[in-house]
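A closer look at the structure
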Amino acid sequence: MSKASIVREWTRPDGSKCVGGSEDNAKAPPGSLMLYNSLLDEKVPFVPASGPGSKSLSWYTCGPTVYDVSHMGHARNYVTFDIIRRVLEDYFGYNILYVMNVTDVDNKIILRARRNYLLAKYKEGKHTDAEVKAFAEKAVQNSFAKQRAKLAEAEALVDAAKEEQEAAAADKKGVLQRQLNELEGAIKNEAHKLSQIQTALSALGQAGDSATIYAVASDFVAEELDREQGKSVTDSSIFRAHAAKYEAEFTQDMDSLGVRRPDVLTRVSEYMDEIVDYVKKIVDNGMAYESNGSVYFDTTNFRACGHTYGKLKPWAVGSSALAAEGESNFETSEKRSNTDFAFWKASKPGEPFWESPWGQGRPGWHIECSAMASTLIGSRMDIHTGEDDLRFPHHDNELAQAEAFYHNEGCHQWVNYFLHSGHLKIEGLKMSKSLKNFITIREALKSFSACQLRILFVLQSWNKSMVYGEASRAEIKAREAQLKNFFQNIEVAVRGVDEITSCAKWQAEERDLSQKLQAVQNQVHEHLLDNLNTAAVMDTLSELIKSTNIYLSKKRESASAAAPAQPLLLRKVATYVTRMLSMFGIVDASWDKPGFADAAGGAGDAKGAGYLDAFAAFRDEVRSLARTKADPKETMTACDRVRDVALVELGVRLEDRDGKAIWKLDDPAVIKAEQQERAKTASEDARKKMENALNLKQIAVPRDVVGST
């Protein structure tokens, strides 16, 4: 099938067929949840496989390939789908079987473990600085030549795609333009990699000692060592230990981000028997073949049996440039067709292996997920999720394998809803390890709290690309400040007030705020029905917060005992906002205790003791000043000190309002940062004032006086 004649189809859970681009695809009863389904790249009604009224869902998400540290691109994916999972479970009430895999057998793991091992051994050797530099220069030069060839190949593909797009008929240009856009994106990535190698070459020329050389070129040295000696690494524990290390780090990172753990965790190394049986059945069904000890999926016979190959990214089928990095095997001569792919690989020196009917080998990347998900979920899955990069070849190959496995059961759509998270971009490029432009999750958590990162992702469309940078930092901190200030203001308004005895007849302001709350609740529901539009939900909550702040301001201005701020209404508003934020995972608080748990929660025994210690120390200081009849300024200084030091350490913000002190709870780090910023501003103002005074003084002194000195 030519790329220009692509027709995309999807079958609703009720069996009715949908064709891409049809207006009928979005038709659904009022109040239906709509989700962006990658199988059509359109919003379609969401209906569980077990029926419209069912609350049971099956969900499989592609977990990490544990070969290196987790970065913010991973956080974008896993936190985003954690938010979606929370909304489906906590708001819409679905009961979800959530399955996640860990890929602990893979090309990337094998290469990284082998290279790290060989590099460590090389460093242990007695090499002179000159020897290390010569080897590093050779390694970087080899990488440069290889990358330059890849860039040239990508540029040639773009030129060919442009010619095809220009010559195509008007109704065919859309899909070809999409292919062209992705190829041009691939050129940017390849050019970025080449630029990094050039930078390394330049830096290497200035490097003298081995430590500096390794800092510049260790990855290139490891790659060259692997090329020369990789086949000699035969200890399988090297690969197992490498994967286990990064799986443990990934789990810790997800816990730090507040990501709910899966209901089932599967590791490839624990499912070898199931994977081998899965491959055997596909071979028996006539949609796979053995070649030199490897087994390949037969895309030609798969199509001949009535199936569609490449449902998620049909324009990428057969293009190595558009295949996500992984085990696509476009270069091998063992395949019958260039679109065929390996799902069992014959053993090679320097790789771990398992026994199979075709000899010693290991599974390919794609078969792992099909086999493990089928074992736990079966022939029909509600939701499958992953990063957008996984569409092709990984997820398209997963689909093909499962349909081939269940062919005799009549399976033509293994997954009903495919959801893909958008890229996280930095400086115009997607964040990825291969581009070496990533920020690890642990590095990010030094600058942002887990709460702030959740706000960052909630403010974005889950299925669209987003940018990570200073603008994002400013927005999430402003949103967090708005939320904290809202809860603090309400806490101050209801502090010490009996909700029942202080209850008064509602006035126009109460009716207006109540109506605003009801309107917001309806709007939030509509936003969540519309492809889980969390960004719109946050904007709507922001409007409710503004209305509440205006209400509180009016009540403070009137200061009427007959019409005080109504605590029951305020608690209702705060409880609703807390419920929404808790659902997103932004706050960890029960709905009947509104606010940020870390900023407005109750004090435990340890913190309570801290408050008493601060009070006792302040009392002692004031008593001492009184006994010695000290200058009143010293007493004021003591008051400032307890406000700016002792209480700050306890997370207490003390503010003067209308001649009274108002306290609020906040993160000590936040208060300290504000103090530092104020001190910096004051210092800068003082410096400018002094410079202006000096300038004026110089102007006032006559030149002849200056010269006479």
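Report follows, based on the coordinates. All values derive from a computational prediction rather than experimental measurement.

A look at the packing of helix H13 (residues 470–494) against helix H16 (residues 567–584)
Helix packing geometry: the angle between the two helix axes and the distance between the axes. Running from amino to carboxyl end, H13 crosses H16 at an angle of 150 degrees, the nearest separation of the two axes being 10 Å. The angle between H13 and H16 places the two elements in the roughly antiparallel class. In this structure, H13 meets H16 at a crossing whose hand is left-handed. Each of Leu483, Phe486, Phe487, Ile490, Ala493 and Val494 in H13 lies in contact with H16, whose residues at this interface are Pro567, Leu570, Val573, Ala574, Val577, Thr578 and Leu581. The class makeup of the residues in the contact of H13 with H16 is twelve nonpolar, one polar and no charged.

With respect to the layout of surface pockets
The calculated volume of the second largest pocket comes to roughly 690 Å³. The wall of the second largest pocket is formed by 33 residues, among which Gln452, Glu480, Lys484, Asp667 and Val670 lie closest to the centre. Elements with a minimum of two residues in the lining of the second largest pocket: helix H11 (441–447), helix H12 (450–458), H13, helix H17 (597–600), strand S17 (652–657) and helix H20 (668–700). Sorting elements by how many residues they give to the lining of the second largest pocket places H13 first, with six residues. Looking at the lining of the second largest pocket residue by residue, the class counts come to twelve nonpolar, seven polar and 14 charged.

Things to note about the nonpolar core
Grouped together as the largest cluster of nonpolar side chains are 162 residues, with contacts concentrated most on Phe92 and Ile282. Not counting residues up to four positions away in its chain, the partners in contact with Phe92 are Leu33, Lys55, Val87, His525, Leu528, Leu529 and Leu532.

Overview of H12
Taken across its nine residues, H12 has eight buried, putting it largely inside the fold. Within H12 the residues assigned to the buried category are Cys451, Gln452, Leu453, Arg454, Ile455, Leu456, Phe457 and Val458. Of the surrounding elements, those touching the buried residues of H12 are helix H1 (72–91), H11, strand S16 (466–467), H13, helix H15 (534–558) and H16.

Considerations on unusual backbone geometry
Geometrically, the link from Phe392 to Pro393 is a cis peptide bond, its omega value of 5 degrees lying close to zero. Examined against the element boundaries, Pro393 turns out to sit in helix H10 (residues 391–405). Its identity as a non-glycine residue notwithstanding, Asp41 has a phi of 55 degrees, on the positive side. Here Asp41 is to be found in the loop between strand S3 (34–37) and strand S4 (42–45). Classification of Asp41 as buried rests on a relative accessible area of 12%. Phi is positive for Asn292, which is not a glycine, with a value near 55 degrees. Mapping Asn292 onto the fold places it in the loop between strand S8 (288–291) and strand S9 (294–297). We classify Asn292 as exposed; its relative accessible area is 61%.

Rules and cut-offs
Each chain carries its own residue numbering, running from 1 in the written order of its sequence. Two thresholds apply to this predicted model, a pLDDT of at least 70 for residue-level local features and 80 or more for giving and counting side-chain atom pairs, whereas whole-chain, interface and lining totals are computed over all residues. Side-chain figures throughout are based on the complete set of non-hydrogen atoms in the structure, without hydrogens or water. The convention used is that axes are lines fitted to C-alpha atoms, helices contributing only their stretch in contact, and that angles between N-to-C directions extend from 0 to 180 degrees. Helix and strand assignments follow DSSP, with helices taken as H or I runs no shorter than four residues and strands as E runs no shorter than two, numbered in order from the N terminus. Each angle receives one of four descriptions, namely roughly parallel if under 35 degrees, roughly antiparallel if over 145, roughly perpendicular if within 65 to 115, and oblique otherwise. Crossings are classed by handedness, with left-handed meaning an anticlockwise turn of the near helix from the far one by less than a right angle and right-handed meaning a clockwise turn. We call two residues contacting when some pair of their heavy atoms lies within 4.5 Å. Ten residue types, Ala, Val, Leu, Ile, Met, Phe, Trp, Tyr, Cys and Pro, are classed as nonpolar, four, Asp, Glu, Lys and Arg, as charged, and the remainder, Gly among them, as polar. The definitions used throughout rest on a 1 Å grid laid over the protein atoms alone, on which a cavity is an enclosed set of points accommodating a 1.4 Å probe that cannot get out and a pocket is an open set flanked by protein within 12 Å on both sides along at least five of seven lines; lining residues are those having an atom within 4 Å of a point. Grid points are joined across faces, edges and corners, and a volume is the space filled by probe spheres set on the points. For the purposes of this section, nonpolar cores are sets of buried Ala, Val, Leu, Ile, Met, Phe, Trp, Tyr and Cys residues that join through side-chain atoms within 4.5 Å. Burial here depends on accessible area, computed with a 1.4 Å probe over protein chains only, as a share of the maximum for the residue type. Under 20% is buried, over 50% is exposed, and the range in between is partly exposed.

The values are spatial; any link to function lies outside them.
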